[in-house]
Amino acid sequence: LVLTPTRELAMQVADSFAAYAEGHPKIKVLAIYGGSDFRSQINALKRGVDVVVGTPGRVMDHMRQGTLVQKGLSSLVLDEADEMLRMGFIDDIEWILEQLPEEKQMILFSATMPSEIRRLSKRYLHDPAEITIKAKKQDAQLIKQRYITIQNSYKLAALKRVLETSSKEAVIIFARTKVITQRLAEALEAANHNVAVLNGDVPQNLRERTIERLRLGGIDILVATDVAARGLDVERIELVINYDMPFDTEAYVHRIGRTGRAGRNGEAILFASPRERSYLNNLERVVGQKIERMEVPSNEFINQFRLERLKTQLSSATSDPNNDDKEFEILSNLIDDMETEYEMSPKEIAMNALKLANGKSNLLINEDERWISQQESFRKRNDRFDDRSRSRRKNNFDSKSPERDKQRYRLDVGHRDHIKPGNIVGAIANETGLKGKMIGRIQIFDDHSLVDLPKGMPTDIFQNLKRLKVMNKELNISLNN
């Protein structure tokens with residue numbers, strides 16, 4: 001039995017099991033999740049299956065109905081346990097675990113190890129081996145990552161300009177809420193983009209059709225929420241746009257992971273308001289690479305892009321293997337007639353043909369773009385203010401030396417991780433046995449914190465503190481020299 005947080009991931013895992021079992025026709029795999037026909041799932045379970053992959057809610061339904069027999073179960077996998085916790089499935093998982101046989105192998109996969117998941121593992125896993133898999137840096141670097149600083153009121157206009165200058169095959173746009181996904185899709189559809197929505201309100205059968213259309217090229221832009229796109233794996237996706245800042249770093253990693261799959265190159269663009277810019281360093285530390293700044297495409301850039309695209313289209317039309325010789329002859333005669341009857345030059349005919357092909361809209365744009373330069377000025381002003389504030393806070397703290405019996409340490413957590421002094425005191429006190437009053441001054445900055453601790457810290461406690469996590473982030477403590 002494999003438990004997954006979303007229907008899409010259940011389908012993906014079931015497909016993987018089917019691929020692993022290729023050549024073994026007796027191994028039967030079944031995915032069970034809400035939104036699909038319950039009766040057909042019952043019939044499949046009655047016929048007998050070897051691997052069941054399901055979401056907690058539908059698994060519980062079958063257990064209560066008696067259609068999912070647990071007696072023969074030998075292995076249980078909790079996939080993306082941290083995501084199930086974040087989605088509120090922890091009580092459901094505990095209920096399922098209590099129904100299962102005592103003798104079984106349990107495997108838990110989790111991108112992070114929050115305290116609730118660790119407590120769950122200690123309670124239900126017997127003497128477990130903990131395996132940490134470190135991502136290869138070169139895999140992350142296959143994804144070119146950039147950000148645009150933009151005020152919320154101009155995000156949609158900026159998005160349209162980014163899409164206008166994108167030559168990527170397929171794009172997924174992540175938004176924070178269902179309402180925003182719907183609003184974005186309507187706006188992009190009005191701008192003649194081939195777009196679809198994927199959120200929690202979309203019925204399962206329509207979700208599956210939407211993903212299949214995206215895979216086959218029937219859709220080029222997908223606007224989705226995090227939950228709906230969990231586990232989505234479509235090769236055509238070459239660009240991920242984070243229209244809204246993700247709630248945490250893990251969500252960002254999962255989002256950009258929708259592109260650059262299996263060694264392919266991809267691109268990710270993040271829209272960040274001036275206030276959200278402070279989270280960038282934290283994201284860079286997690287992905288292990290620089291997120292470069294990107295400017296909103298200007299009128300000049302868009303026009304140049306359109307002209308280059310038109311030249312490419314005209315050039316490729318010449319060598320199109322589907323050209324009809326008879327039709328070519330008729331059109332050639334038509335051009336000759338136009339030259340004779342209307343005394344038009346070939347250049348004039350070509351210009352008029354391009355106008356007709358372009359429709360009522362102009363090929364080149366001349367929109368008011370003063371807001372773009374205003375955003376840039378606002379960004380620079382905000383950067384100067386942030387630099388002065390950071391420098392002032394750090395200088396004030398550094399000017400005060402630690403007390404005589406204490407040393408100053410640096411922690412790799414800060415405001416971007418939503419850390420507060422109480423979180424640091426509690427974590428260190430629990431790990432070291434120190435009383436809160438023995439922990440000295442604490443100063444929290446954007447991407448790190450400084451704390452004064454008693455001198456002579458034993459090596460084993462120091463090593464434990466390096467691995468200790470606060471708000472799902474390792475302290476990675478070090479002496480502040």
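We now turn to the structure provided with this report. Please read all numbers here as calculations on a predicted model, not as lab measurements.

1. As for the side chain of Thr4
Part 1: Relative to the helices and strands, Thr4 resides in the loop between strand 1 (2-3) and helix 1 (7-20).
Part 2: For Thr4, the side chain forms a polar contact with the main-chain oxygen of Thr6, separated by 3.2 Å.
Part 3: At 3.5 Å, the side chain of Thr4 forms a polar contact with the backbone nitrogen of Ala10.
Part 4: For Thr4, the contacting residues outside a window of four places in its chain are Leu9, Ala10, Val13, Val53, Gly54, Thr55, Pro56, Asp79 and Met84.

2. Concerning the pairing of strand 7 (residues 170-174)
Part 1: With five of five residues buried, strand 7 lies mostly within the body of the structure.
Part 2: By the alternation rule, side chains of strand 7 split into Ala170, Ile172 and Phe174 and Val171 and Ile173, which are all buried.
Part 3: Direction of pairing for strand 7 relative to strand 10 (residues 237-242): parallel, over a ladder of five bridges. The residue bridging Phe174 from the neighbouring strand is Asn242, located in strand 10.

3. Topic: the side chain of Thr165
Part 1: Mapping Thr165 onto the fold places it in the loop between helix 8 (155-164) and strand 7.
Part 2: For Thr165, the side chain forms a polar contact with the main-chain oxygen of Arg161, separated by 3.2 Å.

4. With respect to the packing of aromatic side chains
Part 1: Enumeration over the complete set of coordinates arrives at four aromatic pairs.
Part 2: Taken together, a centroid distance of 5.1 Å and an interplanar angle of 5° make the contact between Tyr154 and Trp371 stacked. Taken together, the residues Tyr154 in the loop between strand 6 (143-149) and helix 8 and Trp371 in helix 16 (residues 370-398) connect sequence positions 217 residues apart.
Part 3: Judged by relative accessible area, Trp371 falls into the buried class, the value being 11%.

5. Quick look at a negative patch on the surface
Part 1: Side chains of Asp324, Asp325, Glu327 and Glu329 sit close together on the surface and give a patch of like negative charge.
Part 2: Relative to the assigned elements, Glu329 resides in helix 14 (residues 325-341).
Part 3: For Glu329, a relative accessible area of 52% puts it in the exposed group.

Definitions and limits used
Residues numbered from 1 in each chain as written. Predicted model: local features only at pLDDT ≥ 70, side-chain atom pairs only at ≥ 80, totals over all residues. Heavy atoms only, no water. Helix = DSSP H or I, 4+ residues; strand = E, 2+ residues; numbered from the N terminus. Polar contact = N/O pair within 3.5 Å; in protein donor to acceptor, adjacent residues only side chain to side chain. Contact = heavy atoms within 4.5 Å. Buried < 20%, exposed > 50% of the residue type's maximum accessible area, 1.4 Å probe, protein only. Pairing = 2+ DSSP bridges. Phe/Tyr/Trp six-rings, centres within 6.5 Å; stacked < 30°, edge-to-face > 60°. Patch = residues over 30% accessible without salt bridge, like charges linked within 9 Å, V, L, I, M, F, W, Y side chains within 5 Å. Areas by Shrake-Rupley, 256 points an atom, 1.4 Å probe, with all protein chains shown as cover. Salt bridge = Lys/Arg side-chain N within 4 Å of Asp/Glu carboxyl O. Lys, Arg positive; Asp, Glu negative; His and termini not counted. Charge placed at Lys NZ, Arg CZ, Asp CG, Glu CD.

Taken by themselves, the reported measurements are silent on function.
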